[in-house]
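Structural features, examined
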Amino acid sequence: MIPGDGIGKEVIPAAVRVLKSAAAAGGRQAELTEFDWGADRYLRDGTTLPPDAVEMFHRDFDAILLGAMGDPRVPSNVHAADILLGLRFKLDLYVNARPCVLFDKRFTPLKDRTEKDINFMVFRENTEGLYVGMGGNFKKGTADEIAVQEDLNTRKGVERIIRYAFEYAKARKLKRVCMSDKSNALTFGHDLWQRVFKQVRLEFPEIESSHQYIDNLLMQMVRDPSQFDVIVTSNLFGDIASDLGGQIAGGLGLSPSANIHPGQVSLFEPVHGSAPTIAGKNIANPMGAVLTVAMMFEYLGWKREANAIETAVREALREGKTPAELGGALGTREVGDWLANAVAKTAVK
Ligand code: NAD
Ligand code: IPM
Ligand code: MN
């Protein structure tokens, strides 16, 4: 567990109560270790991601549950880049899976849309693109300053995330995979996406594949989200698409995500950030963090426990046991307690 900053420190304890309740209901043992990495620690002693962390995770852990990283006191949030992006890159967590599933039509801001219209997965490439931190400044701070930020795309990186998206669709008998890029402007890197997509889709003739430029894709997600089953895109575009997707599916506070390297220790975190303006007030929605635990359990093969958690969240939404974000009166802790109780009552079968 790495609660991190801001509301991360509130949603993770709530999610952990649900985690423990689900594990107990399923007769499972979950051994938890907490790491205090985040802004406070960084400002105190300069620690970000300790040098032995990656080896330790590979050796001693099955999964990492992270809250959020980001604090206005830290210039450019350098600690967040080191810890969060560091873990994604160094553990080679190339799949960022961000489901956008509307549980109850009352929670979408889209007019006349229902549960059947909003049910898709965003697969975000998670180890390259504009996030790799290659580039630099020249004549920094002067009137002639130049800033270069490289967009790194490798055949291996593009191919493995696109193939993962198709395999996911195939395994779940989903009909459609839509790849999104900006190859009309990014004529080198995203041309590679085009070529790899055309090649990989030949292996999946039963799946309908399509392409939309990212500007159109975001517009289409609002206009008609029912056209999507699986979206696959680059690191930055996936970041943007998953905030929009999360909001149309009920709000950022409800959105879970998984950073996966299949078969290896992987990292699970809600899509939202540290939300500093609402931090410390017990009002953040912990449901995204709770559903993130369900994604983690599913990854670990604890399917019944994962289902019990999702069922409890659906029940809370139905019964109005919700925080302010969803129009309810419960606090972060109270939602966590309610869900932990609900999970304990669902005898996991
Ligand atoms: P944010 O996701 O923290 O907040 C965006 C908006 O959504 C805010 O209005 C916030 O109040 C609201 N919100 C987010 N989560 C909520 C929840 N659980 N319940 C209710 N409302 C919620 O994004 P931001 O404001 O752009 O970023 C704040 C900080 O978090 C920045 O430092 C950013 O870099 C960082 N960040 C970290 C992560 C991460 O660690 N995975 C993700 C996104 C942003
Ligand atoms: C996310 C966040 C991060 C990202 C930030 C904090 C670097 O927005 O996980 O969606 O852009 O990946
Ligand atoms: Mn984001």
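The following refers to the structure shown. Values in this document were obtained by computation on a predicted structure and should not be read as measured data. (Residues numbered from 1 in each chain as written. Chains lettered and ligands numbered in written order. Predicted model: local features only at pLDDT ≥ 70, side-chain atom pairs only at ≥ 80, totals over all residues. Heavy atoms only, no water.)

**What about the environment of Arg44?**
Along the chain, the position of Arg44 falls in helix H2 (residues 39–45). C-alpha of Arg44 to C-alpha of Val122: the two residues are 78 residues apart in sequence and 37 Å apart in space. (Helix = DSSP H or I, 4+ residues; strand = E, 2+ residues; numbered from the N terminus.)

**Notes on the site of ligand 2**
Ligand 2 sits among Arg88, Arg98, Arg124, Tyr131, Asp239 and Glu269. At a separation of 2.6 Å, an oxygen atom of ligand 2 approaches a polar side-chain atom of Arg88. Between an oxygen atom of ligand 2 and a side-chain N or O atom of Asp239, the distance comes to 2.8 Å. Contact with the protein chains covers 70% of the free accessible surface of ligand 2, which is 320 Å². Its residues assigned to classes, the shell around ligand 2 comprises 1 nonpolar, no polar and 5 charged. (Near = heavy atom within 4 Å. Polar contact = N/O pair within 3.5 Å; in protein donor to acceptor, adjacent residues only side chain to side chain. Areas by Shrake-Rupley, 256 points an atom, 1.4 Å probe, with all protein chains shown as cover. Nonpolar A, V, L, I, M, F, W, Y, C, P; charged D, E, K, R; others polar.)

**Looking at the site of ligand 1**
Inspection of the region around ligand 1 gives 19 residues, with Met69, Glu269, Gly273, Ala275 and Asn285 positioned closest. In this structure, a nitrogen atom belonging to ligand 1 sits 2.8 Å away from a side-chain N or O atom of Glu269. Ala275 has a polar backbone atom sitting 2.8 Å from an oxygen atom of ligand 1. Taking 800 Å² as the accessible area of ligand 1 by itself, protein coverage stands at 64%. Its residues placed into classes, the shell around ligand 1 shows 10 nonpolar, 7 polar and 2 charged.

**What to know about the pairing of strand S7 (residues 176–181)**
Burial of S7 is extensive: 5 of the 6 residues sit out of reach of the surface. Where S7 meets strand S8 (residues 208–213), 6 bridges bridge the pair, whose relative direction is parallel. Within S8, the residue paired with Asp181 across the bridge is Tyr213. Between the parallel elements S7 and S8, the chain passes through helix H6 (residues 189–200) in a crossover that is right-handed. Where S7 meets strand S9 (residues 230–233), 4 bridges bridge the pair, whose relative direction is parallel. For Ser180, the partnering residue across the bridge sits in S9 and is Thr233. (Buried < 20%, exposed > 50% of the residue type's maximum accessible area, 1.4 Å probe, protein only. Pairing = 2+ DSSP bridges. Right-handed = clockwise from strand over helix to strand, strands pointing away.)

**Re the sheet that holds strand S4 (residues 119–125)**
In space, the 9 strands of this open sheet follow the order S1-S2-S11-S10-S3-S4-S9-S7-S8, with mixed pairing throughout. Of all the strands in the sheet, just strand S1 (2–4) and S8 have a single pairing partner and so form its edges. Within this sheet the neighbouring strands show an average axis-to-axis angle of 20°, counted without direction. Relative to the sheet, helix H4 (residues 78–90) contacts S1, strand S2 (63–68), strand S3 (95–101), S4, strand S10 (256–260) and strand S11 (266–270), its axis offset from that of S11 by approximately 140°. Packing against the sheet, helix H5 (residues 155–171) makes contact with S3, S4, S7, S8, S9 and S10, and its axis sits at approximately 160° to S4. (Axes fitted to C-alpha atoms, helices over the stretch in contact; angles between N-to-C directions. Contact = heavy atoms within 4.5 Å.)

Function-wise, these values are silent; they only describe arrangement.
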